[in-house]
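Per-entry structural report
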Amino acid sequence: MEKKMIVNSLVLGGTLLLAVSCGNDDKKKAGTLPMTPQAARAPEKGVFRASLRSINQNVAGNINGTATITINNGEFYVQMDINNTPANIAHAQYIHALENCPTEDNDLNKDGYIDAVEAGSTYGQYLIPLDGDLKTQAMETPMFPVADRNGSYVYRDWANIDELMADLRSRDVSPGMVKLGEAETLNLGKRSVVIYGVSADTELPETVATTPNANKHVTFPIACGSIVKISDDVIKF
């Protein structure tokens, strides 16, 4: 299958359960084989969705949209349909390690902004960059979608699930990323999707913090949604 990602524009930037029934002439009860370690760690098949809502609406506006993730036939598909983001700029986007989204209570310094450090305590570290290469966390030349003049964008991409999981369990940790443990599953229903980025001319006070060596405008959180499973049936792109 040819790999495709559809966005308005791009910039360089910032269980399988195995069961067997057996019987004999004595009509013994069917038995169930235990899962192999590989099957126990396999990502759950189905369709998952995060409904994105604004963080820092006073700065970023009333953002809305969905991230739909489909796992089927050894493939990991992502589609994002996002509206009302800051226009004409790239928006970094990630699946994060935890499922929670920040609220006003996370504005710990009470400056009126929930910055990257404050918000990160709720949704955790980066797990999967939703960029131009889903199969790896490596971001030497990350490609994130750019919102059009109306603040909208569509993102689609897919990766082989085995390649994705191998990278998530590898030891080559990229800055800001977290890896899965050897026996840990993807467990999407316990993750979240977060979108970042406001224009460079947006006035942010000095109290707005970010991670070391990062640009606070690029890493300013603007939308978040907890991922939930919505169907065992798959949606084809």
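Parameters at a glance
Residues numbered from 1 in each chain as written. Predicted model: local features only at pLDDT ≥ 70, side-chain atom pairs only at ≥ 80, totals over all residues. Heavy atoms only, no water. Helix = DSSP H or I, 4+ residues; strand = E, 2+ residues; numbered from the N terminus. Areas by Shrake-Rupley, 256 points an atom, 1.4 Å probe, with all protein chains shown as cover. Disulfide = S-S within 2.5 Å. Buried < 20%, exposed > 50% of the residue type's maximum accessible area, 1.4 Å probe, protein only. Core = buried A, V, L, I, M, F, W, Y, C linked by side-chain atoms within 4.5 Å. Contact = heavy atoms within 4.5 Å. Salt bridge = Lys/Arg side-chain N within 4 Å of Asp/Glu carboxyl O. Polar contact = N/O pair within 3.5 Å; in protein donor to acceptor, adjacent residues only side chain to side chain.

Examining the overall build of the chain
Helix and strand counts for the chain stand at four helices and ten strands. Ordered by position from N to C terminus, the α and β elements of the chain give β-α-β-α-β-β-β-α-β-β-β-α-β-β. For the chain, the exposed surface amounts to about 12500 Å²; the carbon and sulfur share of it is 50%.

Overview of the state of the cysteines
Scanning all chains against the criterion turns up one disulfide. Here Cys101 is linked by a disulfide to Cys224, with a sulfur-sulfur distance of 2.0 Å. Taking the torsion about the S-S bond as the criterion, the Cys101 to Cys224 disulfide, at about -80 degrees, is left-handed. Of the two residues, Cys101 sits in the loop between strand 5 (93-96) and helix 3 (116-123) while Cys224 sits in strand 10 (residues 221-231), which places them 123 residues apart along the sequence. A relative accessible area of 4% places Cys224 in the buried class.

Concerning the nonpolar core
Membership of the largest hydrophobic core comes to 38 residues, with the highest contact counts inside it found for Phe76, Met80, Ile128 and Leu186. For this core, the secondary-structure elements that each account for two or more residues are strand 2 (46-54), strand 3 (64-72), strand 4 (75-83), strand 6 (126-129), strand 8 (153-160), helix 4 (161-168), strand 9 (192-196) and strand 10. Excluding residues within four positions of it along the chain, Met80 makes contact with Thr66, Ala67, Gln93, Leu130, Tyr153, Val154, Tyr155, Val193 and Ile195. Of all hydrophobic cores here, the second largest spans twelve residues; its members include Ile55, Ile114, Tyr126 and Cys224.

Regarding the pattern of salt bridges
Oppositely charged side chains can form a pair if their charged atoms are brought close together. Scanning all chains against the criterion turns up six salt bridges. Between Lys229 and Glu44 there is a salt bridge, and its shortest N-O distance comes to 2.6 Å. Of this pair, Lys229 sits in strand 10 while Glu44 sits in the loop between helix 1 (37-41) and strand 2; the two residues are 185 residues apart in sequence, bridging distant segments of the chain. A residue is classified by how much of its surface remains accessible, and Glu44, at 43% relative accessible area, is partly exposed. For Lys135, the salt bridge identified is with Asp133, shortest N-O distance 3.0 Å. Several salt bridges share partner residues, and in doing so they unite Glu44, Lys229 and Asp232 into one network.

Examining the environment of Ser192
Mapped onto the elements, Ser192 comes out in strand 9. The exposure class assigned to Ser192 is buried, which follows from its relative accessible area of 0%. Setting aside chain neighbours within four positions, we find Ser192 in contact with Tyr94, Ile95, His96, Leu98, Glu99, Asn100, Tyr123, Cys224, Gly225, Ser226 and Ile227. Here the side chain of Ser192 touches Leu98 through a polar contact of 2.7 Å, landing on its backbone oxygen.

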